[in-house]
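The lines below spell out each chain.
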Amino acid sequence: MEGVDHLAHERNKSEFDVDAMKIVWAGSPHAFVVSDRISKLVASDPGFRKDNRSTLSRKELFKNTLRKAAYAWKTIIDLHLSEEEAAKLRFYVDEPAFTDVHWGMFIPAIKGQGTEEQQQKWLPLAYKMQIIGCYAQTELGHGSNVQGLETTATFDPQTDEFIIHSPTLTSSKWWPGGLGKVATHAIAYALLIVGGREQGVHGFIVQLRSLEDHSPLPGMTVGDIGMKFGNGAYNAMDNGVLRFDHVRIPRNQMLMRVSQVTCEGKYKQSDVPRQLVYGAMLYVRQTIVADASCALSRAVCIATRYSAVRRQFGSQNGGPETQVIDYKTQQSRLFPLLASAYAFRFVGEWLKWLYADVTQRLQANDFSTLPEAHACTAGLKSLTTTATADGIEECRKLCGGHGYLCSSGLPELFAVYVPACTYEGENTVLLLQVARFLMKTVSQLGSSKKPVGTIAYMTRVEHLMQCRCGVQRGFAELSADLVEAAVAHCQLLVVSKFIEKLQQEIPGKGVKQQLEVLCNIYALFLLHKHQGDFLSTGCITPKHAALANDELRSLYSQVRPNAIALVDAFNYTDHYLGSILGCYDGNVYPKLYEAAWKDPLNESVVPDGYHQYIRPLLKQEIRTARL
Ligand SMILES: CCCCCCCCCC/C=C\CCCCCCC/C=C/C(=O)SCCNC(=O)CCNC(=O)[C@H](O)C(C)(C)COP(=O)(O)OP(=O)(O)OC[C@H]1O[C@@H](n2cnc3c(N)ncnc32)[C@H](O)[C@@H]1OP(=O)(O)O
Ligand SMILES: Cc1cc2nc3c(=O)[nH]c(=O)nc-3n(C[C@H](O)[C@H](O)[C@H](O)COP(=O)(O)OP(=O)(O)OC[C@H]3O[C@@H](n4cnc5c(N)ncnc54)[C@H](O)[C@@H]3O)c2cc1C
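From a predicted model like this one, the values you see are computed outputs, not experimental measurements. (Residues numbered from 1 in each chain as written. Chains lettered and ligands numbered in written order. Predicted model: local features only at pLDDT ≥ 70, side-chain atom pairs only at ≥ 80, totals over all residues.)

A. Summary view of helix H12 (residues 427–443). Taking 1.5 Å of rise per residue, 17 residues should cover 24 Å, and H12 covers 24 Å from first to last C-alpha, within 8% of that figure. Within H12 the residues assigned to the buried category are Asn-427, Leu-430, Leu-431, Leu-432, Val-434, Ala-435, Phe-437, Leu-438, Met-439, Thr-441 and Val-442. (Helix = DSSP H or I, 4+ residues; strand = E, 2+ residues; numbered from the N terminus. Expected span 1.5 Å × (residues − 1). Buried ≥ 20, exposed ≤ 12 C-beta atoms within 10 Å, placed from the backbone.)

Listed below in structure tokens is the structure:
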């Protein structure tokens, strides 16, 4: 039935002010207004249609992405959108594209690592998209180990230039988004060699393609690396390969905020720590954490709405069957994910604040909080992306067979999302960074250097004081356990930031109560999942574990009547959700039925290939047919 809200009875059950929750989710009334307006603008514009993506060939998909990116840019200019509105537009267009890396990595790298002069020269061009940049760090042979990169940048004092070269096959740049077919420029990372001495990896601005006809400049071999996981999905992005053959660039194209090379060939290090070369990664990891809550909430919204529509078993006297959302097993799989989506939202908000704080300090040459910011961005990026990728897949299973259809939106969401566990730092490698930071802190316990901020709790953990002398030994041997410790530390961060959020004033009838329920679910679910660790370390008793489990069940019952309203609070349009199972009105079956007939296979009743392959088989003519 068109126009009927099949989930109205669910919405009527809710016990809190959904509009007020929408503002909490968006972050502020202003953020809500912007997000709401831009999401509707994108949804209502046929230029941003995306429902046909899964049936396009790679070339069609890519060209369509180019068209959309150009159209989005035109929209931004025509409507005079602010940077905030433009970023929302990119978000709701919902398609990975070269523009993400241009705005998300190329520009931040120049801002963070370029001198004032370099920023003045390059940023205006980049902001107007008169040049399009990518971030070329990873190589065929080296991704995680940045110090192991093989591309060289050798200074030639005769010409005042760097010679950028790929000495081996494994030194070919491999993976950078936008590099394959679009970018005109790259921030290329290379081992700096000055006067025959290696000075570590640095970033260089390198022009790749002609600004006249887009052909690669002399000395560049560049192309796309090929199809990736999932049809459609991340294949809209032209991840690329690039080889340099003694490419010369002017000396002033080395990003020189951290260190400089003079025209006489002297290498000078400023007071700025070398780690700032990694600054763009710090920035992107922080945005990835914020994005995790979006991806997870989207999957949870689909699975929750569909779970309220779907009925199986339990019919009494010919009445309707039971909504699957009423099964305790469904609730125990779904509601912790709902709670996680909210938890990641708030920790993402906090991380944004932390990032802004560290950036401000860095500008004032205060580098004291950089290690903590690195540990937090790395650890939370790892934790939230792993949980989100797993959560999306769980949501697909929660939708049963229909979840496997592309029209559920979940396969594509998973395929687009799952590389977040690898890019911007492989998740285990990042957890090892957190472990290193934690172990360093433990080794300093008892000294005059008191842990502050997110590690202040360590002084209160007596057990840590006892093991501090042994922590410098056996890091590699114990790394699997240390990674678990790093996860636990990050979980503590997520829980504590959720609790801090609840200590703020939160207006709206019943809103705070709902958030308290979700916070308790998040914390108790973790306790339940890791109860073996809690019990074996004596942190809780078996009685505590049983109580936690009882409490969880009671909390699930409290969420149940509010579940649909809690996902409505994400305020996602049907366009953004891209899912028949998750559509706002819950009118799932007619929409699924209708969509099936739009599949290209159904364009003809008798399929192409019938006369060639099916008929000969049926007629037992297969041995004589030319296949
Ligand atoms: C107006 C219009 C507007 C339109 C708007 C549109 C908006 C669009 C916006 C889009 C926004 C965002 C979207 C982004 C899109 C993202 C797409 C994703 C694309 C993917 C890109 C990539 O993957 S890039 C490549 C990433 N690569 C990695 O992450 C490599 C991982 N490896 C590392 O980071 C390091 O090598 C490693 C951390 C493993 C270091 O290992 P190690 O060798 O042991 O360490 P060293 O190098 O020696 O370093 C030693 C010390 O440095 C510390 N440290 C390391 N990293 C950092 C860091 N980042 N910050 C600070 N400190 C760091 C380390 O801990 C050591 O410290 P110590 O004290 O010595 O122990
Ligand atoms: C979709 C996508 C987009 C990307 N975009 C870009 C881009 O725009 N620009 C760019 O420069 N790069 C990009 N990358 C590359 C990405 O940053 C790297 O793939 C990532 O950093 C992981 O490095 P790797 O591939 O070398 O993995 P590896 O390090 O080879 O990982 C393989 C395995 O080894 C393990 N491992 C590695 N080191 C250790 C260790 N020290 N201890 C224990 N275990 C270890 C890992 O945990 C993992 O299980 C992209 C990648 C993808 C998938």
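B. How the structure looks around the packing of helix H9 (residues 328–363) against helix H10 (residues 370–398). Contact geometry of H9 with H10 gives a least axis separation of 10 Å together with a crossing angle of 155°. Taken together, H9 and H10 sit at an angle that is classed as roughly antiparallel. Between H9 and H10 lies a crossing whose hand is left-handed. Contact residues: H9 offers Gln-330, Arg-333, Leu-334, Leu-337, Ser-340, Phe-344, Val-347, Leu-351, Leu-354, Tyr-355 and Val-358, while H10 offers Leu-370, Ala-373, Cys-376, Thr-377, Leu-380, Thr-384, Ala-387, Gly-391, Glu-394, Cys-395 and Leu-398. Here the residues of the contact of H9 with H10 sort into 15 nonpolar, five polar and two charged. (Axes fitted to C-alpha atoms, helices over the stretch in contact; angles between N-to-C directions. Parallel < 35°, antiparallel > 145°, perpendicular 65-115°, else oblique. Left-handed = near helix turned anticlockwise from the far one by under 90°. Contact = placed C-beta atoms within 7 Å. Nonpolar A, V, L, I, M, F, W, Y, C, P; charged D, E, K, R; others polar.)

C. Structural context of the site of ligand 1. Surveying the vicinity of ligand 1 reveals 31 residues, the closest of which are Ala-86, Gly-104, Val-146, Tyr-278 and Gly-425. Those elements that provide at least two residues to the shell around ligand 1 are helix H5 (83–93), helix H6 (98–113), helix H8 (279–309), H10 and H12. Split into classes, the residues belonging to the shell around ligand 1 amount to 15 nonpolar, 11 polar and five charged. (Near = placed C-beta within 6 Å.)

D. Looking closely at the UniProt feature "active site" (unreviewed entry) in the chain. On the UniProt side, "active site" (unreviewed entry) is annotated at positions that read Glu-424 here. Assignment of secondary structure puts Glu-424 in the loop between helix H11 (410–417) and H12. Every residue in contact with Glu-424, bar those within four places of it in the chain, is listed here: Met-281, Val-284, Arg-285, Ile-288 and Lys-381. (UniProt positions renumbered as here; feature names shortened; annotations may be inferred.)

E. Quick peek at the site of ligand 2. The full set close to ligand 2 counts 20 residues, and Gln-137, Thr-138, Gly-143, Ser-144 and Trp-175 are the nearest of them. Among the secondary structure elements, those contributing two or more residues to the shell around ligand 2 are strand S1 (133–136) and H12. Top element by residues in the shell around ligand 2 is H12. It accounts for three residues. Across the shell around ligand 2, the residue classes tally to 10 nonpolar, nine polar and one charged.

F. Molecular detail of the packing of H8 against H10. Closest axis-to-axis distance for the H8/H10 pair is 8 Å, and the angle between their directions is 20°. Overall, the two elements H8 and H10 adopt an arrangement that is roughly parallel. Here H8 runs over H10; the crossing is left-handed. Of the residues in the contact of H8 with H10, the class split is 16 nonpolar, eight polar and two charged.

G. Main features of the pairing of strand S2 (residues 152–156). Here S2 shows one buried face, formed by Ala-153 and Phe-155, and one open face, formed by Thr-152, Thr-154 and Asp-156. For S2 and strand S3 (residues 161–165), the ladder comprises five bridges, and the chain directions are antiparallel. Residue Thr-154 lies in a different strand from S3, and its bridge partner there is Ile-163. Joining the antiparallel neighbours S2 and S3 is a turn of four residues, in which Asp-160 adopts a positive phi near 60°. In this sheet, strand S5 (residues 185–194) lies alongside S2 in parallel orientation, the contact comprising three bridges. Bridge assignment links Thr-152 to a residue of S5, and that residue is Leu-191. (Pairing = 2+ DSSP bridges.)

H. Local environment of the confidence of the model for the chain. Residue-level pLDDT values for the chain average 95, and 97% of them are 70 or greater. The ipTM, which scores confidence in the relative placement of chains, is 0.97 for this predicted complex, and the corresponding pTM is 0.96. (pLDDT = per-residue confidence, 0-100.)

I. Molecular detail of the sheet that holds strand S4 (residues 173–174). Reading across the sheet, the three strands line up as S4-S8-S7 and stay open at both edges, with antiparallel pairing between neighbours. With partners counted over all chains shown, the strands left at the sheet margins are S4 and strand S7 (220–224), one partner each. Bridge count between S4 and strand S8 (residues 240–244): two bridges; the pairing is antiparallel. Within the sheet, the bridge partner assigned to Lys-173 lies in S8 and is Leu-242.

J. The environment of Arg-11, seen in detail. When you line up the elements, Arg-11 lands in helix H1 (residues 8–12). Arg-11 gets classed as partly exposed once you count the C-beta atoms within 10 Å, which come to 15. As for Arg-11 and Pro-561, which are separated by 550 residues in sequence, their C-alpha atoms are 8.4 Å apart. Residues within four places of Arg-11 in sequence aside, it is in contact with Ile-564, Ala-565 and Asp-568.

K. Summary view of unusual backbone geometry. Even without glycine at this site, Phe-313 takes up a positive phi of about 60°. Within the secondary structure layout, Phe-313 lies in the loop between H8 and H9. On the basis of neighbour counts, which here come to 8 C-beta atoms within 10 Å, the residue Phe-313 falls in the exposed class. The phi dihedral of Asn-317 falls on the positive side, at around 50°, and the residue is not glycine. Take Asn-317: it is sitting in the loop between H8 and H9. On the basis of neighbour counts, which here come to 4 C-beta atoms within 10 Å, the residue Asn-317 falls in the exposed class.

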